[in-house]
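As a plain string of letters, each chain reads:
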Amino acid sequence: MSQSRFWSRHGRWNALIPSSEYRRPWQHAGTLKRSYTSPAKNILVHIPKCNIYRFGDSNISPPVFRNVNWTMKEGESWAVIGRGFNQKTALLQTLRGHMRIAPPPPGGLFPFLSDPPRDAHAAISFVSFAHRPSSAGSAFYDYTARYGAVREEDRITLRESMFGEYDFLNLRPKGQVSKTPEELAIDEAKKGIFDELSARLGLSSLLDLPLVALSNGQTRRARIVKAILAQPELLLLDEPLTGLDINSRPTLLSVLQSLHEARCPRIIIGLRVQDPIPDWISHLALVSDGKVLTGTKDEILETQELHTAHQDKATATTTLAKRTEDEGKAVVVLRNVNVSYGERKVLKSINWTIREGQRWHLQGANGSGKTTLLSLLTGDHPQSYTQRNDAHLELFAHLRPRIPTPHLRALIGIVSPELANAYPRRAQTTVWDVVGTGFDGTFVPGGKDGVGRGMDGSLPDAVRRWRVARVWEVLAALGPRAWASANANEGEDEDAEQALAGQTLERKHGRWSQSGDAVVETDEGFARRAFVDLSPGEQSVVLLMRALVGHPQLVFLDEVWAGMGDHMVRAARRYLREGGVRHDQAVVVVSHWEEEVPWTIQDGLYRFRLQDGIGTQL
Ligand SMILES: Nc1ncnc2c1ncn2[C@@H]1O[C@H](COP(=O)(O)OP(=O)(O)OP(=O)(O)O)[C@@H](O)[C@H]1O
């Protein structure tokens, strides 16, 4: 069926065509028609000079946000931009009803939902790309399952995940009752929309793959499509661009723009301060140090806050030695390495040598095979064992089958979205425990002092003491005091360190430090906290500490900044550039944002790009 016939039969999902041509959403049978006459209906979000508290905190405790004055009107396009400590996400969580607003806004937080009254829980959706929530359980989730034969329970395909496995039988989701003609009409319209969105977001060729086989960026795009199909009235997307390759970003933004303009759904996006702000965004809510600054994009961009964040990137200095070329010892040698799933060839004849001391940026579009390549090097991929004939996979001067996987885990420090999702979140596991598992590359804390048992199970006392000292070292370099220092100094490190040294370091009132009453958690306090209770950004930092603590020969930093606040990123970048990794360690950074890599070409950075399965050193 041609596209125009499709639209005329089912009513258009107006968002997919320019909004100036068509502005009436939800016209197909059974869906809600909206009119926009009453003034309340034109106000989407209304927070008039209120404080925002965590539930359970009284009005005399310090609020998460003080004196918030935010009115979002129909027709405006808002982004929430946050620096540090996940405050952006806290503001978005406020819109989900996860915070207490005092006094409660007269007319409700969402005036547009008042006539006829609609349930905000049903009307507002939130998609976040933070790590696995703590509610997902404490067990280790085997993230390597996707590389091997797909298990029966993981067989559900992308298409089935959108519409249900028995959809073709036209049955209601959990019953045997056939769908009504009206339901079938809605389904058909939704499928058309789904096909259109899938095509625009590059998912069409993946619809019949098992969900577990999708790459990170492919999964993110699929989650956005699914959220849109659920027909919320307002969709909150937290960091939708993170993890998307450079070509997908404009496409996704243009889809979001047209959906928003057609109000099906309206969209608020959460961005990090360092993210580019899409042209179509007209208004910003800038969240910083317990304050929310709202206004037009131009007004907010003029404020000092955003400038400093951008300046920081330019001011860092490097300590990286000059390019080592062929001097260092080879830690990885790949020759003619291949990975395929049936007919699907993901990596074709890859040749790549990584030497000690080198810093690499591994590049490639979503689905180009970066994670697959790293999983060969970490030994997690079953095909790391089966490189035969002229294919050669050598790790730390041994052929892969000759080096036991537990040894590899101790020799490689890794941060990745897959590992972050998989890391067990047991109630009793502390930050110290998690960092301590980095020495042996395990997932279960153990050994005296929680610093592991060593490869042969007997850790000499001297090594144990070194490990303990080393945990304190990374806690100091990457923990809350380092973030506060990065926050305070905006570039002048020494002054800030001195200012901090004079402070009483104690923890008060959760994770959000308030402006004016600088409160910084001690390393000891942070080390004792339960990993599961940390914010996603804090968890990311702790997993970075885990990757670096043992000074492993090879470090993989895959989307290392995910979820981290601006201050954390600054502290971690500084540490990485200024001695956090030594000259005998090799580092591979995977990121779709060149500016996120802690080193530049001038510093001697090497680049390896995957495209259509082929790897090229640039
Ligand atoms: N079991 C499988 N069967 C078929 N294809 C698979 C399987 N596992 C992975 N793939 C495909 O392999 C390709 C490479 O995936 P990979 O996760 O390595 O990409 P990536 O470069 O890391 O992407 P991203 O930037 O989105 O993280 C993807 O197109 C994915 O769909």
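What comes next is a walk through the structure.

Rules behind the numbers
Residues numbered from 1 in each chain as written. Predicted model: local features only at pLDDT ≥ 70, side-chain atom pairs only at ≥ 80, totals over all residues. Heavy atoms only, no water. Core = buried A, V, L, I, M, F, W, Y, C linked by side-chain atoms within 4.5 Å. Buried < 20%, exposed > 50% of the residue type's maximum accessible area, 1.4 Å probe, protein only. Helix = DSSP H or I, 4+ residues; strand = E, 2+ residues; numbered from the N terminus. Salt bridge = Lys/Arg side-chain N within 4 Å of Asp/Glu carboxyl O. Pairing = 2+ DSSP bridges. Axes fitted to C-alpha atoms, helices over the stretch in contact; angles between N-to-C directions. Contact = heavy atoms within 4.5 Å. Near = heavy atom within 4 Å. Polar contact = N/O pair within 3.5 Å; in protein donor to acceptor, adjacent residues only side chain to side chain. Areas by Shrake-Rupley, 256 points an atom, 1.4 Å probe, with all protein chains shown as cover. Phe/Tyr/Trp six-rings, centres within 6.5 Å; stacked < 30°, edge-to-face > 60°.

**Points about the nonpolar core**
Counting residues in each nonpolar core, the largest one holds 79 residues, and the members touching the most others are Trp352, Ile354 and Leu373. Ranked by the residues each element gives to this core, the list is headed by helix α18 (residues 536-548), at 7 residues.

**Describing the pattern of salt bridges**
Oppositely charged side chains may form a pair once their charged atoms are brought near each other. By the definition in use, this model includes 21 salt bridges. The partner of Asp380 in a salt bridge is Arg409, with the nearest N and O atoms 2.8 Å apart. Here the residue Asp380 occupies a position in the loop between α10 (370-377) and β13 (392-395), and Arg409 occupies one in helix α11 (residues 405-411), the gap between them amounting to 29 residues. For Asp380, a relative accessible area of 12% gives the class buried. Using a relative accessible area of 29% as the deciding quantity, one classes Arg409 as partly exposed.

**Looking at unusual backbone geometry**
The omega angle of the peptide bond from Ala102 to Pro103 is -10 degrees, so this bond is cis rather than trans. For Pro103, the position within the fold is in the loop between β4 (100-102) and α3 (120-123). The phi dihedral of His551 falls on the positive side, at around 45 degrees, and the residue is not glycine. Along the chain, the position of His551 falls in the loop between α18 and β16 (554-558).

**Some remarks on the sheet that holds strand β2 (residues 65-73)**
As summarised here, the arrangement of the 3 strands in space is β2-β1-β4, forming an open sheet in which the pairing is antiparallel. Edge strands, defined here as strands with exactly one partner in the open sheet, are β2 and β4. In this sheet, neighbouring strand axes are inclined to one another by 45 degrees on average, regardless of whether the strands run parallel or antiparallel. With 6 bridges joining them, strand β1 (residues 43-53) and β2 adopt antiparallel strand pairing. When the sheet's bridge partners are listed, Ile47 is paired in β2 with Trp70. Contacting β1, β2 and β4, helix α2 (residues 87-95) runs over the sheet at an angle of about 60 degrees to β2.

**Concerning α2**
For α2, the tally of buried residues reaches 9 of 9 residues, placing the bulk of the element in the interior. Two residues or fewer after α2 comes Gly97, characterised by a positive phi angle close to 80 degrees.

**Looking at the site of the ligand**
As a matter of local geometry, the ligand sits amid 19 residues, with Ser215, Gly217, Lys370, Thr371 and Thr372 nearest to it. A distance of 2.7 Å separates an oxygen atom of the ligand from a polar atom in the side chain of Lys370. Coverage of the ligand by the protein amounts to 95% of the 650 Å² it exposes when considered alone. At the level of secondary structure, the elements contributing two or more residues to the shell around the ligand comprise α6 (216-229), β11 (344-355) and α10.

**Thoughts on the environment of Trp472**
Within the secondary structure, Trp472 sits in helix α14 (residues 461-478). Residue classification places Trp472 among the partly exposed positions, given a relative accessible area of 34%. Sequence separation between Trp472 and Ala527 is 55 residues; the distance between their C-alpha atoms is 8.8 Å. The contact partners of Trp472, leaving out residues within four places of it in the chain, are Trp432, Asp523, Glu524 and Ala527.

**Quick look at the sheet that holds β11**
In any sheet, the strands associate via hydrogen bonds between backbone groups, in a parallel or an antiparallel arrangement. The antiparallel open sheet is built from 4 strands, whose spatial order is β11-β10-β13-β14. Sheet topology places β11 and β14 (398-399) at the edges, where each strand pairs with a single neighbour. For strand β10 (residues 330-341) and β11, the ladder comprises 8 bridges, and the chain directions are antiparallel. Each residue of the ladder has a partner; that of Val337, found in β11, is Ile350. The strands touched by α10 are β10, β11 and β13; relative to β11, the strand with the most contacts, the crossing angle is about 55 degrees.

**Here's the deal with the pairing of strand β9 (residues 291-296)**
Note on strand geometry: in a regular strand, side chains alternate between the two faces of the sheet. Judged from the 6 bridges that link them, strand β8 (residues 283-288) and β9 form a sheet pairing that is antiparallel. Paired with Ala285 across the bridge in β9 is Thr294. Linking two consecutive strands that pair antiparallel, namely β8 and β9, is a turn of 2 residues; a positive phi of about 50 degrees is found at Asp289 within it.

**Side note on the packing of aromatic side chains**
Across all of its chains, the model carries 11 aromatic pairs by this definition. Taking the centre distance of 5.4 Å and the plane angle of 85 degrees together, the rings of Trp352 and Trp360 count as edge-to-face. In this pair, the class of Trp352 matches that of Trp360, namely buried. Aromatic side chains Phe439 and Trp466 sit 6.0 Å apart centroid to centroid with 65 degrees between the ring planes, which places their arrangement in the edge-to-face category.

**Re the environment of Trp360**
Tracing the backbone through its elements, the reader meets Trp360 in strand β12 (residues 359-364). On a C-alpha basis, the gap between Trp360 and Ala586 in space is 8.0 Å, while along the polypeptide they are 226 residues apart. Apart from residues lying up to four places away in sequence, Trp360 is in contact with Trp352, Thr353, Ile354, Val587, Val588, Val589, Leu605, Tyr606, Arg607, Phe608 and Gln617.

**With respect to the side chain of Thr405**
Within the secondary structure, Thr405 is located in helix α11. Here Arg400 takes part through its side chain, which lies 2.9 Å from a polar atom of the side chain of Thr405. If we skip the residues at most four places from it in the chain, Thr405 touches Gly379, Tyr385 and Arg400.

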